[in-house]
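What follows is each chain in one-letter form.
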Amino acid sequence: MTANNLLMQCLADVLDVSVVRPNVAETVSLGAAYAAGLAVGYWPDTEALRANWHPAAQWLPDMEHERRERGYRKWRKAVARTTDWLDDDDE
């Protein structure tokens, strides 16, 4: 997902936060390797790991507050309409 620039901008806009893509896209695998390295003493502490992190790209929010609030309100309305519509005898 992080390779999709449009998605990253949408996240920044909807969440109203900056979104940063790291240089290493496989962060789950990297995290497992870091945890193993910490466990066996290869890495002295988490500060040493933080020094390895570098950003590849960043997206800043670029959506008007009113538009974001309207979209969130409509999303909540859509979710509310999808709940509690099955009867007890439905499978």
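In this text, all values refer to a predicted model and were calculated from it rather than measured experimentally.

> Give a description of a negative patch on the surface that names residues and reports values.
Residues Asp84, Asp87, Asp88, Asp89 and Asp90 make up a contiguous surface patch of negative charge. By the secondary structure assignment, Asp90 is in the segment after α4 (65–81). Accessibility expressed as a relative area gives 37% for Asp90, which makes it partly exposed.

> Describe the pattern of salt bridges, with residues and values.
Tallying each qualifying case throughout the model produces 2 salt bridges. Here Arg68 makes a salt bridge to Asp16, at a shortest N to O gap of 3.3 Å. On the criterion of sequence distance, the pair formed by Arg68 in helix α4 and Asp16 in the loop between α1 (5–15) and β1 (19–22) is long-range, its members being 52 residues apart. On the basis of relative accessibility, which here comes to 11%, the residue Arg68 falls in the buried class. The partner of Glu47 in a salt bridge is Arg50, and the shortest N-O contact between them spans 2.7 Å. Of the two residues, Glu47 and Arg50 both sit in helix α3 (residues 46–50), 3 residues apart, roughly one turn of that helix.

> Quick rundown of α1? Include the residues and the values.
Those residues of α1 that sit buried are Met8, Ala12 and Asp13. What you see down the axis of α1 is that its buried residues fit within an arc of 135°, all on one side. Counted as exposed and oriented over 90 degrees from the buried face of α1: Leu6, Val14 and Leu15. Residues of α1 that are buried sit in contact with β1, β2 (55–59) and α4. Between the side-chain oxygen of the N-cap and the backbone nitrogen of Leu6 there are 3.0 Å, and the N-cap of α1 in question is Asn4. Taken from the residues just after α1, Asp16 is the one with a positive phi, measuring 60°.

> So what's going on with the packing of aromatic side chains? Residues and values would help.
Enumeration according to the criterion identifies 3 aromatic pairs in this entry. When the centroid spacing of 5.1 Å and the interplanar angle of 90° are considered together, the rings of Tyr42 and Trp43 count as edge-to-face. With a centroid separation of 5.9 Å and an interplanar angle of 15°, the aromatic rings of Tyr72 and Trp75 are classed as stacked. Here Tyr72 and its partner Trp75 are both found in helix α4, 3 residues apart, which amounts to about one turn of the helix. The partly exposed category is assigned to Tyr72, whose relative accessible area is 42%. Assessed through its relative accessible area of 52%, Trp75 is described here as exposed. A network of ring pairs unites the aromatic residues Tyr34, Tyr42 and Trp43 as a single cluster.

Scoring rules and cut-offs
- Residues numbered from 1 in each chain as written.
- Predicted model: local features only at pLDDT ≥ 70, side-chain atom pairs only at ≥ 80, totals over all residues.
- Heavy atoms only, no water.
- Patch = residues over 30% accessible without salt bridge, like charges linked within 9 Å, V, L, I, M, F, W, Y side chains within 5 Å.
- Areas by Shrake-Rupley, 256 points an atom, 1.4 Å probe, with all protein chains shown as cover.
- Salt bridge = Lys/Arg side-chain N within 4 Å of Asp/Glu carboxyl O.
- Lys, Arg positive; Asp, Glu negative; His and termini not counted.
- Charge placed at Lys NZ, Arg CZ, Asp CG, Glu CD.
- Helix = DSSP H or I, 4+ residues; strand = E, 2+ residues; numbered from the N terminus.
- Buried < 20%, exposed > 50% of the residue type's maximum accessible area, 1.4 Å probe, protein only.
- Arc of directions from axis to C-beta.
- Contact = heavy atoms within 4.5 Å.
- Polar contact = N/O pair within 3.5 Å; in protein donor to acceptor, adjacent residues only side chain to side chain.
- Phe/Tyr/Trp six-rings, centres within 6.5 Å; stacked < 30°, edge-to-face > 60°.

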